[in-house]
Amino acid sequence: MLKIMGLMALVTAAGFAGVLKAAELKERIRLLEDFLKMMLDLKSRIDYFKQPLLPLFQQTSAKEDTPAYVLLDRCRKELQETHGEIRNIWLRAAEETYRKTPLTKEDMQSVLHLGSFIGQTDFENQKIQFDYLEKRLEEQLTEAREESRVKGPMYRRIGFFGGAVAALVLL
């Protein structure tokens, strides 16, 4: 009886590991959508209000409490305190915000790209960079959705199947 319960726990644990891996794929999509939304919000505020970065970051970051908006708030606070270069501040804040997330290296490059041009170029060049980043994020979202659609169910099945195989071997 104890052996059967142990084997059932093994199957359940392996299945749960597969479910967690599939959830990481969905989390990546959520994080990319969140960043895209924040970036578009920032872009529209720059287009219409043409404010300096601090008030712009303050107004935008106050809208939501998601990782992308937290990133803006961290940048705003550090800009107020240190008056440093936005590129370095953005880099530190982005790495801190997205440290333990399922974003890929390519995703992080997109996140970091925003900090490389915002507030550092003229209006027209900034607009071109925003358009480029938007297109790039849309492509990454398409890829992430496809990966989740294909690999998500596979990870769940492999988890339970692997657990069942391991239980049969131990039987």
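Refer to the structure printed above.
Everything numeric in this text was worked out from a predicted model, so none of it was measured.

S.K.: Explanation requested: the pattern of salt bridges in the structure shown.
M.R.: Side-chain pairs of opposite charge can arise where the charged atoms are in close proximity. For the coordinates displayed, the defined rule picks out 17 salt bridges. For Glu33, the salt bridge is made with Arg145, and the minimal N-O distance between the two is 2.6 Å. Separated by 112 residues along the polypeptide, Glu33 in helix H1 (residues 2-49) and Arg145 in helix H6 (residues 123-170) bring together distant segments of the chain. Residues Glu96 and Arg74 are paired through a salt bridge, measuring 3.6 Å at the closest nitrogen-oxygen approach. Pair noted here: Glu96 is in helix H4 (residues 86-97) and Arg74 is in helix H3 (residues 67-82), with a separation of 22 residues, a long-range link. Three or more residues joined by partner-sharing salt bridges are found here, namely Arg28, Asp107, Glu143, Glu147 and Lys151.

S.K.: Would you mind going over a nonpolar patch on the surface with me for this structure?
M.R.: A cluster of nonpolar side chains, contributed by Phe16, Val19, Leu20 and Phe160, occupies part of the molecular surface with about 360 Å² of accessible area. Tallying contributions element by element places H1 first for the nonpolar patch, with three residues. On the secondary structure map, Leu20 appears in helix H1. For Leu20, a relative accessible area of 45% corresponds to the partly exposed category.

S.K.: Whenever I open this one, the nonpolar core confuses me. Can you help?
M.R.: Soluble globular proteins tend to pack their nonpolar side chains together in the buried interior. Among the nonpolar cores identified, the biggest contains 34 residues, and Phe35, Trp90 and Leu114 are the most heavily contacted of them. Only H1, helix H2 (53-61), H3, H4, helix H5 (105-117) and H6 provide two or more residues apiece to this core. Looking at which element gives the most residues to this core, the answer is H1, with nine residues. Residue contacts for Phe35: discarding those within four places in its chain leaves Ala68, Leu71, Trp90, Tyr98, Ser110, Val111, Leu114, Leu133 and Leu137.

S.K.: In this structure, what is going on with the packing of H1 against H2? I would like to understand it.
M.R.: In a pair of packed helices, the angle between the axes and the distance between the axes together describe the arrangement. Where H1 contacts H2, the two axes come as close as 10 Å, and the packing angle between them is 135°. Considering the angle they form, H1 stands oblique to H2. The interaxial crossing formed by H1 with H2 has right-handed handedness. Facing H1, whose interface residues are Asp41, Leu42, Arg45 and Ile46, H2 presents Leu56, Phe57, Gln59 and Thr60. In terms of residue class, the contact of H1 with H2 is built from four nonpolar, two polar and two charged.

S.K.: Could you clarify how one ought to interpret the packing of aromatic side chains in this entry?
M.R.: Any aromatic ring pair is given by two values, namely how distant the centres are and how the planes are angled relative to each other. Evaluated as defined, the whole model comprises two aromatic pairs. Judged by centre distance (6.3 Å) and plane angle (55°), the rings of Phe57 and Trp90 are tilted. Taken together, the positions of Phe57 in helix H2 and Trp90 in helix H4 put the pair 33 residues apart, joining distant regions of the chain. Accessibility classification places Phe57 together with Trp90 in one group, the buried group. Taking the centre distance of 5.1 Å and the plane angle of 90° together, the rings of Phe117 and Phe130 count as edge-to-face.

Criteria and cut-off values
Residues numbered from 1 in each chain as written. Predicted model: local features only at pLDDT ≥ 70, side-chain atom pairs only at ≥ 80, totals over all residues. Heavy atoms only, no water. Salt bridge = Lys/Arg side-chain N within 4 Å of Asp/Glu carboxyl O. Helix = DSSP H or I, 4+ residues; strand = E, 2+ residues; numbered from the N terminus. Patch = residues over 30% accessible without salt bridge, like charges linked within 9 Å, V, L, I, M, F, W, Y side chains within 5 Å. Areas by Shrake-Rupley, 256 points an atom, 1.4 Å probe, with all protein chains shown as cover. Buried < 20%, exposed > 50% of the residue type's maximum accessible area, 1.4 Å probe, protein only. Core = buried A, V, L, I, M, F, W, Y, C linked by side-chain atoms within 4.5 Å. Contact = heavy atoms within 4.5 Å. Axes fitted to C-alpha atoms, helices over the stretch in contact; angles between N-to-C directions. Parallel < 35°, antiparallel > 145°, perpendicular 65-115°, else oblique. Left-handed = near helix turned anticlockwise from the far one by under 90°. Nonpolar A, V, L, I, M, F, W, Y, C, P; charged D, E, K, R; others polar. Phe/Tyr/Trp six-rings, centres within 6.5 Å; stacked < 30°, edge-to-face > 60°.

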